[in-house]
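Close look at the chain arrangement
So the chains spell out like this:
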Amino acid sequence: MLDGTRLYELDITSASFVKACGGPCTEGCVTLARIGENAWALGDSKRPDAEPLRFTTEELDAAGIDPARFGVSV
């Protein structure tokens, strides 16, 4: 299992982000990508210059975020 403190060492240049909005959003501001085993990145399409935040699967679970809901397999 990946140590959550090392998430920012992962290279995400080829990560494929999907819209991860909670409702009928047409702007798709929150984006989500799997960046490794037990590792995820959350970005903001309205701020493409901002580096995405990174989380473990356990952290997403604790926040109530299920990647499968947005078409991303766990």
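Above: the structure in question.
Before going into details, it helps to say that this report is about the structure given with it. The residue numbering used here restarts from 1 in each chain and proceeds along that chain's sequence as written. With pLDDT at 70 or above as the cut-off, local features in this predicted model cover only qualifying residues; side-chain atom pairs require 80 or more to be listed or tallied, and sums for whole chains, interfaces and linings still use all residues. Excluded from the side-chain calculation are hydrogens and water; included are all heavy atoms of the structure.

1. Structural notes on the pattern of salt bridges
Every case where a carboxyl oxygen of Asp or Glu lies within 4 Å of a side-chain nitrogen of Lys or Arg is listed as a salt bridge. Evaluation of the coordinates by the stated rule reveals three salt bridges. Between Glu9 and Arg6 there is a salt bridge, and its shortest N-O distance comes to 2.9 Å. For Arg54, the salt bridge goes to Glu51, with nearest N and O atoms at 3.3 Å.

2. Quick notes on the side chain of Thr31
Starting at the N terminus, helices and strands are each numbered in turn, a helix being any DSSP run of H or I of at least four residues and a strand any DSSP run of E of at least two. Structurally, Thr31 can be placed in strand S2 (residues 30-36). Buried means the residue's accessible area, taken with a 1.4 Å probe over protein chains only, is under 20% of the maximum for its type, while exposed means over 50%, and partly exposed covers the values in between. A relative accessible area of 14% places Thr31 in the buried class. Those residues in contact with Thr31, other than ones at most four positions away along the chain, are Phe17, Val18, Ala20, Ala41, Leu42, Gly43, Asp44 and Ser45. Should any heavy atoms of two residues lie within 4.5 Å, those residues are counted as being in contact.

3. Notes on the environment of Gly36
Mapped onto the elements of the fold, Gly36 is located in strand S2. Residue class for Gly36 comes out partly exposed when judged on its relative accessible area of 22%. Sequence separation of Gly36 and Thr56 is 20 residues, and the distance between their C-alpha atoms is 9.4 Å.

4. Describing the pairing of S2
For two strands to be treated as a pair, DSSP must find no fewer than two bridges joining them. Here strand S1 (residues 18-19) runs beside S2; their pairing, made up of two bridges, is antiparallel. Bridging from a neighbouring strand, Val18 pairs with Leu32 of S2. A loop of two residues connects S2 with strand S3 (residues 39-44), the two strands running antiparallel in sequence, and Asn38 in this loop sits at a positive phi of about 65°.

5. Details of the nonpolar core
Throughout this description, the term nonpolar core refers to a set of buried Ala, Val, Leu, Ile, Met, Phe, Trp, Tyr and Cys residues connected via side-chain atoms within 4.5 Å. Formed by Ala20, Leu32, Trp40, Leu42, Leu60, Phe70 and Val72, the largest nonpolar core amounts to seven residues. Not counting residues within four places of it along the chain, the set of residues in contact with Leu32 comprises Ser16, Phe17, Val18, Ala20, Trp40, Ala41, Leu42, Leu60, Pro67, Phe70 and Val72. If you look at the next biggest cluster of nonpolar residues, it comprises six residues, including Leu7, Ile12, Ala33 and Ile35.

6. Describing a negative patch on the surface
Residues Glu58, Glu59, Asp61 and Asp66 make up a contiguous surface patch of negative charge. You can see Glu58 is positioned in helix H1 (residues 57-62). Only residues whose relative accessible area exceeds 30% and that form no salt bridge are eligible for patches; like-charged ones are grouped when within 9 Å, while nonpolar side chains (Val, Leu, Ile, Met, Phe, Trp, Tyr) are grouped when within 5 Å. We get accessible surface area from the Shrake-Rupley algorithm with a probe of 1.4 Å; when it comes to residues, only the shown protein chains can shield them. Lys and Arg are tallied as positive, Asp and Glu as negative. Neither His nor the chain termini are counted. Charge positions come from single atoms, namely NZ of Lys, CZ of Arg, CG of Asp or CD of Glu.

7. Examining the sheet that holds S3
Ordered in space as S1-S2-S3-S4, the four strands form an open sheet in which the pairing is antiparallel. The sheet is open, and its two borders are formed by S1 and strand S4 (53-56), each paired with just one other strand. One ladder, built from six bridges, connects S2 with S3; its direction is antiparallel. The residue bridging Thr31 from the neighbouring strand is Gly43, located in S3.

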